[in-house]
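Examination of the molecular architecture
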Amino acid sequence: MFIDLSDVLLEHHKPIDIVVSTDITEVSMAQGVMPVIEKSPVHIVVKHVKQKELSIEGECKIVLKIPCDRCLEPVAIDFDIKIANHIDLDEDSQTEELDEKSYIDGYKLDVDKLLYNEMLIGWPMKILCSDDCRGICNTCGQNLNKGTCNCEDTSLDPRMSVIRDVFKNFKEV
Ligand SMILES: [Zn+2]
Ligand SMILES: [Zn+2]
């Protein structure tokens, strides 16, 4: 979805104030593709600041399905996107904020790219299905929230380490 910014540049006192829909259906990251399971309409307000400077405000809610860091089960994560950006269309895009302006194409505002950027900026550090997610077994891949498996990790078994310590003490004597 593109918004033509030239209107607000021609008529400075007439801000663009519209509600559009986004075409984003998924976000692809190194970990995989996260589908959009819910999205609200996008409210965008573009105001003229001075010369070719514009302020862009936006609001939208997007819900993505992202795998849990521990057990890989998909979790619904809400992104409450609130945009308050300031751009200068005259600014040489080679200098700074190259990424920030990637959602501007000539005099067009790429709403999807703008939202995409915001989601990446606000990406949660940790995705967990619950705080006490038990993850998956490293040996057999069993989801340990759903059941146990028969793999015994002896290196972490406290009883084994006691025996090991006793054995070590014997040798040292
Ligand atoms: Zn989990
Ligand atoms: Zn296992």
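Parameters at a glance
All residue numbers refer to position in the chain's written sequence, counted from 1. To label them, take the chains in the order written and letter them from A, then take the ligands in the order written and number them from 1. The predicted origin of the model limits local features to residues at a pLDDT of at least 70 and limits the giving and counting of side-chain atom pairs to 80 or more, whereas totals for whole chains, interfaces and linings rest on all residues. Hydrogens and water are ignored here; the side-chain numbers use all heavy atoms of the structure. Starting at the N terminus, helices and strands are each numbered in turn, a helix being any DSSP run of H or I of at least four residues and a strand any DSSP run of E of at least two. When a residue's accessible area, from a 1.4 Å probe over protein chains only, is under 20% of the maximum for its type it is buried; when over 50% it is exposed; and in between it is partly exposed. Throughout this description, a polar contact denotes any pair of N or O atoms lying within 3.5 Å of each other; where both atoms belong to protein, one of them has to be capable of donating a hydrogen while the other can accept it, and for residues adjacent in sequence the pair is counted only when both atoms sit in side chains. What makes two residues a contact is simply this: any of their non-hydrogen atoms within 4.5 Å. With water omitted from the atoms examined, metal sites may look incomplete; donors here are N, O and S atoms no farther than 2.8 Å from the metal, or 3.2 Å in the case of Na, K and Ca. Between 85 and 135 degrees for all angles marks four donors as tetrahedral; over 155 degrees for opposite donors together with 65 to 115 for all other angles marks four donors as square planar and six as octahedral; every other arrangement is irregular. One requirement defines pairing of two strands: DSSP has to find at least two bridges between them.

This part covers the side chain of His 48. Take His 48: it is sitting in strand β5 (residues 42-50). Owing to a relative accessible area of 18%, His 48 belongs among the buried residues under this scheme. Among the polar contacts listed, one links the side chain of His 48 to the backbone oxygen of Gln 51, at a separation of 2.6 Å. Residues contacting His 48, with those up to four places away along its chain left out, are Val 8, Leu 9, His 12, Glu 53 and Leu 54.

Further remarks concern the coordination of the zinc ion (ligand 1). Six octahedrally arranged donors around a metal ideally form angles of 90 or 180 degrees; four tetrahedrally arranged donors ideally form angles of 109.5 degrees. With distances of 2.3 Å, the protein atoms coordinating the zinc ion (ligand 1) are Cys 68 (SG), Cys 71 (SG), Cys 129 (SG) and Cys 133 (SG). Here the zinc ion (ligand 1) binds four donor atoms, and the angle range of 104 to 116 degrees at the metal identifies the geometry as tetrahedral.

Bringing the pairing of strand β6 (residues 53-67) into the picture now. Sheet analysis places strand β4 (residues 32-39) next to β6, joined by three bridges and oriented antiparallel. Directly across from Val 36, in β6, lies its bridge partner Leu 64. Here seven bridges tie β5 to β6, and the two strands are oriented antiparallel to one another. If you follow Val 46 over to β6, its bridge partner there is Ile 56. The antiparallel pairing of β5 with β6 creates a hairpin that spans two residues between the two strands, and Gln 51 there sits at a positive phi of about 40 degrees. What sits between the antiparallel neighbours β6 and strand β7 (residues 74-88) is a turn of six residues, in which Leu 72 has the positive phi angle 70 degrees.

These figures capture arrangement, not role.
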